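# Residue-level structural notes
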Amino acid sequence: GAGVSQSPRYKVAKRGQDVALRCDPISGHVSLFWYQQALGQGPEFLTYFQNEAQLDKSGLPSDRFFAERPEGSVSTLKIQRTQQEDSAVYLCASSSLAGAGTDTQYFGPGTRLTVL
Amino acid sequence: DAKTTQPPSMDCAEGRAANLPCNHSTISGNEYVYWYRQIHSQGPQYIIHGLKNNETNEMASLIITEDRKSSTLILPHATLRDTAVYYCIVRTYNFNKFYFGSGTKLNVKP
């Protein structure tokens, strides 16, 4: 596809349930990022992958949050035992370069998670 | 990463230039200024970035002051579709993550 895709677009979970959010980056992109966006706020960084290696997970809010990218392409963000404060839009972004520099991050449409 | 300060909201008449300011007084020499925008219910969209020279592309122009402590994003002829939240981001060269802040809500009015 031409852009970053995410699924599902909307997810409703009962408190305590586990959820898995999927991100399909732009084909060939080395770097992949997850962000969390609460209502009315800007996105906040969660974690970063370079190929299959998770190089930065400093933004993950608790050990209930886990992300993986086992083959260096598709990534899954998993939230265990969801809480109401986990309700947010989860955004995935990818970029073509390894490392930093001035490579542009391209964002997907996000997954809106609502925890009841 | 250096933090940025943006006005929470701005209005602009359709067809007129929209000038969105951003202060980044603690920016360092190796930090870039990026602009993204987010239209309701969509992911952030890249607009433009620069280091110290002014930049222009098909979407906008970026004017960075000589001391690099502030910048202005210019949309030359705003349309209703430009209504969005605009984020000014300062990014260190060797760090990947973006710090978005709260952005400026631009309302383009007919």
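In what follows, the structure referred to is the one given above.
Keep in mind the model is a prediction, meaning the values are calculated, not measured.

Parameters and conventions
- Residues numbered from 1 in each chain as written.
- Chains lettered and ligands numbered in written order.
- Predicted model: local features only at pLDDT ≥ 70, side-chain atom pairs only at ≥ 80, totals over all residues.
- Heavy atoms only, no water.
- Helix = DSSP H or I, 4+ residues; strand = E, 2+ residues; numbered from the N terminus.
- Rg over C-alpha atoms; globule rule 2.2 N^0.38 Å.
- Buried < 20%, exposed > 50% of the residue type's maximum accessible area, 1.4 Å probe, protein only.
- Contact = heavy atoms within 4.5 Å.
- Lys, Arg positive; Asp, Glu negative; His and termini not counted.
- Charge placed at Lys NZ, Arg CZ, Asp CG, Glu CD.
- Salt bridge = Lys/Arg side-chain N within 4 Å of Asp/Glu carboxyl O.
- Phe/Tyr/Trp six-rings, centres within 6.5 Å; stacked < 30°, edge-to-face > 60°.
- Lys NZ or Arg CZ within 6 Å of the ring centre and 35° of its normal.

To continue, consider the overall build of chain A. Counting its regular elements, chain A contains 0 helices and 11 strands. For chain A, the α and β elements follow one another from N to C terminus as β-β-β-β-β-β-β-β-β-β-β. A compact globule built from 116 residues would reach a C-alpha radius of gyration of about 13 Å, and chain A, at 13 Å, matches this within 12%. The C-alpha extent of chain A, read off along each of the three principal axes, is 40 × 25 × 25 Å. Every one of the 116 residues in chain A was classed for burial, and the buried ones make up 48%. Residue pairs in contact within chain A that sit at least 24 positions apart in sequence constitute 55% of those at least 6 positions apart. For chain A, the centre of its 11 positive side-chain charges and the centre of its 11 negative side-chain charges are spaced 9 Å apart.

Residue and element names in this part refer to chain A. Enumeration over the complete set of coordinates arrives at 5 salt bridges over all chains. Between Glu68 and Lys78 there is a salt bridge, and its shortest N-O distance comes to 3.3 Å. Placement of Glu68 in strand S7 (residues 65-68) and of Lys78 in strand S8 (residues 75-79) is noted, with a sequence separation of 10 residues between them. Take Glu68: its relative accessible area is 26%, and that puts it in the partly exposed class.

Quick look at the packing of aromatic side chains now. Scanning the model with the defined rule gives 14 aromatic pairs over all chains in all. On the numbers, 5.0 Å between centres and 20° between planes, the contact of A:Phe33 with A:Tyr48 is stacked. Separated by 15 residues along the polypeptide, A:Phe33 in strand S4 (residues 31-37) and A:Tyr48 in strand S5 (residues 44-50) bring together distant segments of the chain. The pair A:Phe33 / A:Tyr48 is uniform in exposure class, with both members buried. Ring centres of A:Tyr35 and B:Phe100 lie 5.7 Å apart, and the angle between their planes is 90°; this geometry places the pair in the edge-to-face category. Of this pair, A:Tyr35 sits in strand S4 while B:Phe100 sits in the loop between strand S8 (84-92) and strand S9 (104-109), which puts the two residues in different chains. By relative accessible area, which is 0% here, B:Phe100 ends up buried. The lysine or arginine in question, B:Lys3, covers the ring of B:Tyr99, its NZ or CZ lying 4.7 Å from the ring centre.

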